[in-house]
Amino acid sequence: MKQYDVLIVGGGSGGITTAARLKRADRNLSVAIVEPNTDHYYQPLWTLVGAGVATVDETRRDEAKLIPNGVEWIRDRVASIDPDAHTVSLEEGGDVGYDQLVMALGIELHWDKVEGARDAIGNGKVVSNYIPEGAQATWKALESFQGGDMIFTAPSGQIKCGGAPQKIMYLADDYLRKHGLRDKTQITGGFAGTVMLGVPEINATLNQIVEERDLHMKFRHELVRIDAARDTAVFVNLDDPDAGEIEMHYDFIHITPPQRAPKVLRESKLAVAEGPHAGFADVDEHTLQHKTYPDVWALGDNAGVPTAKTGAAIRKQAPVLVEQLLAHRAGKQGQKSYEGYSSCPLVTGYGKLVLAEFEYGNKYKPTFPVDQTKQRWDMYMLKRHLLPQMYWHGMLRGIA
Ligand SMILES: Cc1cc2nc3c(=O)[nH]c(=O)nc-3n(C[C@H](O)[C@H](O)[C@H](O)COP(=O)(O)OP(=O)(O)OC[C@H]3O[C@@H](n4cnc5c(N)ncnc54)[C@H](O)[C@@H]3O)c2cc1C
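Keep in mind that what you see is a predicted model, and the values were worked out from it rather than measured.

Of note, Ser 128 is situated in the loop between β10 (126-127) and α5 (132-143). Taking the C-alpha atoms as reference points, Ser 128 and Ser 268, 140 residues apart in sequence, are found 30 Å from one another. Apart from the residues lying within four places of it in its own chain, the contact partners of Ser 128 are Trp 111, Ile 121, Gly 134, Ala 135, Thr 138, His 254, Ile 255 and Pro 257.

This is the structure:
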């Protein structure tokens, strides 16, 4: 059985960033990443793919080129994890042993929870920026849209990038205004939540945008079914489920699928048992170390910590996790602490963005000496041009 000092499961944003930082900190560490996919995507740009600003191609790189030097890539899928035995079972390659395990499996899209949704993606009216082909479908449908009913959904429960369901709504609104189609279009947001965003300073701006642009928000509305034959979306009101199903006609619907913890994690001993983070890795919110298995760590979307699941969060989590993990290996206590930083670049139109940055407790924590609660062109440029470069050349190389 092969054995590694650190075994990382999942080679997405969190897995690659952690591997790069570990090797920079200690070249002699034996590190392996288990990742089945040969494509690696920069998902934050899928919002702009849906709006016709970027292409899917631009968001993709070969995984092989991103695996840091000296790190072994195990091209396989994790089937199960046994934290008592310090082993991971692979679907094809048998068992692998570890001293330290880093969980970076992301989040699972739970399409089956919305009957008819997955099959309808790409039929010209039903789209989703949450998968690359779905983001392409968004742009195709927007480009050929001639007016009518447009719906945007957001499910209950944990999702990655909580702002993504509304970013595409603002972009579509802006697109229709620029093309003289807004007067012919009704835009509705069927969102399961109760507010646009949990950070009060930013929520105030978003409420104003919604009001000014005549976007009809229906909160506590959960999408349960797509009847593609009748172009009908079926919702339930979470505050009044006995009232029965609510049908809405659409000519265009953008779906954000419900999401849940990855299967291997939620079925392992490493998962939180119940509550809002049920199924996600049960790690300390400041050290990212597992609460009962001290040789296990987690970051990114699969970590059960009370903050928004974003790549931006990973950028702040990875240095903490690596420092804490190496200190633990040396029998010491790490010094760094993760304070829940996450960020949501809320694109509110072509060339406009409100940059929400916050820490645990939805505490507003702006980076720049400008008013980030307002729609800004410079912040849009940051998202469109700077952040992708920082991701590929800085974060994934362990230097940003
Ligand atoms: C439309 C959209 C817009 C977004 N916008 C933003 C934004 O503006 N800003 C921002 O910061 N973030 C944004 N995000 C979120 C961001 O992309 C994610 O939070 C980030 O990619 C999470 O990284 P991760 O490593 O946790 O998961 P991922 O990057 O998804 O990687 C998980 C990896 O685990 C692998 N895996 C899964 N199961 C197994 C298994 N059994 N065995 C082995 N490997 C496995 C997968 O193949 C995958 O490569 C957006 C996401 C979407 C979809």
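Let us look at the packing of α5 against helix α6 (residues 164-178). It is at 11 Å that the axes of α5 and α6 come closest, and there the two elements cross at 25 degrees. Considering their axes alone, α5 and α6 lie roughly parallel with respect to each other. Crossing handedness for the pair α5 and α6: right-handed. Taking contact as the criterion, the partners of Thr 138, Trp 139, Leu 142 and Glu 143 in α5 are, on α6, Ile 168, Ala 172 and Tyr 175. Taken together, the residues of the contact of α5 with α6 break down into 5 nonpolar, 1 polar and 1 charged.

With 8 of 8 residues buried, strand β20 (residues 342-349) is to be regarded as a mostly interior element. As defined by bridge partners, β20 adjoins strand β21 (residues 352-359) across 7 bridges and the pair is classed as antiparallel. The partner of Ser 342 across the bridge, within β21, is Phe 358. Hairpin connection, β20 to β21: the antiparallel pair is bridged by 2 residues, and Gly 351 has positive phi, about 85 degrees.

One non-glycine residue, Asp 231, lies in the positive phi region at around 50 degrees. Structurally, Asp 231 is set in the loop between β14 (221-227) and β15 (232-237). Owing to a relative accessible area of 17%, Asp 231 belongs among the buried residues under this scheme. Even without being glycine, Asn 362 reaches a positive phi, approximately 55 degrees.

Soluble globular proteins tend to pack their nonpolar side chains together in the buried interior. If you look at the biggest cluster of nonpolar residues, it comprises 107 residues, and the most contacted ones within it are Leu 7, Val 88, Leu 101, Met 103, Met 150, Phe 152 and Ile 202. Counting contributing residues per domain, this core is built from domain 1 (2-107 + 261-341 + 392-397) and domain 2 (110-258), each supplying no fewer than three. Contact partners of Phe 152, with chain neighbours within four places excluded, come to Pro 165, Ile 168, Met 169, Ala 172, Ile 187, Thr 188, Gly 189, Gly 190, Phe 191, Phe 252 and His 254. Membership of the second largest hydrophobic core comes to 16 residues, among which are Ala 120, Val 126, Ile 131 and Tyr 250.

Let us look at the packing of helix α1 (residues 13-25) against helix α9 (residues 311-329). If you want to describe how two helices pack, look at the angle between their axes and the distance between the axes. Axis separation between α1 and α9 bottoms out at 9 Å; the angle between their running directions is 45 degrees. In terms of their interaxial angle, α1 and α9 are classed as oblique. In the crossing of α1 with α9, the sense of the turn from one axis to the other is right-handed. Packed against α1, whose contacting residues are Ser 13, Gly 14, Thr 17, Thr 18, Arg 21, Leu 22 and Ala 25, the element α9 presents Ile 314, Ala 318, Pro 319, Leu 321, Val 322, Leu 325 and Leu 326 at the interface. Of the residues contributing to the contact of α1 with α9, the split by class is 9 nonpolar, 4 polar and 1 charged.

Once that is clear, we can look at the pattern of salt bridges. All chains considered together, the criterion is met by 24 salt bridges. Note that Arg 182 is salt-bridged to Asp 173, the shortest N-O span being 2.5 Å. Summarising the burial analysis for this pair, Arg 182 and Asp 173 share the class buried. Ionic contacts of the salt-bridge type, sharing partners, join the residues Asp 39, Arg 60, Asp 62 and Lys 65 into one network.

Glancing now at the sheet that holds β20. To summarise the sheet geometry, strands pair through backbone hydrogen bonds and adopt either a parallel or an antiparallel arrangement. What the 3 strands build is an open sheet, ordered β20-β21-β22; its pairing is antiparallel. Single-partner strands in this sheet number two, and they are β20 and β22 (363-364). Here β21 pairs with β22 via 2 bridges, running antiparallel. From the neighbouring strand, Glu 359 faces β22, where its bridge partner is Lys 363. Where α6 meets the sheet, it contacts β20 and β21, and its direction lies at approximately 15 degrees from that of β20.

A complete count under the given rule lists 8 aromatic pairs for this structure. Ring geometry for Phe 152 and Phe 252: centres 5.9 Å apart, planes at 45 degrees, overall tilted. With Phe 152 in strand β11 (residues 148-154) and Phe 252 in strand β17 (residues 252-254), the pair connects residues that are 100 residues apart, well separated along the chain. Each member of the pair, Phe 152 as well as Phe 252, is classed as buried. Aromatic pair Tyr 391 and Trp 392: ring centres 5.2 Å apart, planes at 75 degrees, arrangement edge-to-face. By the burial criterion, Tyr 391 is buried, and Trp 392 matches it. The rings of Tyr 42, Tyr 391 and Trp 392 are connected pair by pair, giving a single aromatic cluster. The cationic tip of Arg 118 hangs over the ring face of Trp 111; the distance from NZ or CZ to the ring centre is 5.7 Å. We note Lys 316 situated over the ring of Tyr 341; from NZ or CZ to the ring centre the distance is 5.0 Å.

Rules behind the numbers
- Residues numbered from 1 in each chain as written.
- Predicted model: local features only at pLDDT ≥ 70, side-chain atom pairs only at ≥ 80, totals over all residues.
- Heavy atoms only, no water.
- Helix = DSSP H or I, 4+ residues; strand = E, 2+ residues; numbered from the N terminus.
- Contact = heavy atoms within 4.5 Å.
- Axes fitted to C-alpha atoms, helices over the stretch in contact; angles between N-to-C directions.
- Parallel < 35°, antiparallel > 145°, perpendicular 65-115°, else oblique.
- Left-handed = near helix turned anticlockwise from the far one by under 90°.
- Nonpolar A, V, L, I, M, F, W, Y, C, P; charged D, E, K, R; others polar.
- Buried < 20%, exposed > 50% of the residue type's maximum accessible area, 1.4 Å probe, protein only.
- Pairing = 2+ DSSP bridges.
- Core = buried A, V, L, I, M, F, W, Y, C linked by side-chain atoms within 4.5 Å.
- Domains from an automatic or database assignment.
- Salt bridge = Lys/Arg side-chain N within 4 Å of Asp/Glu carboxyl O.
- Phe/Tyr/Trp six-rings, centres within 6.5 Å; stacked < 30°, edge-to-face > 60°.
- Lys NZ or Arg CZ within 6 Å of the ring centre and 35° of its normal.

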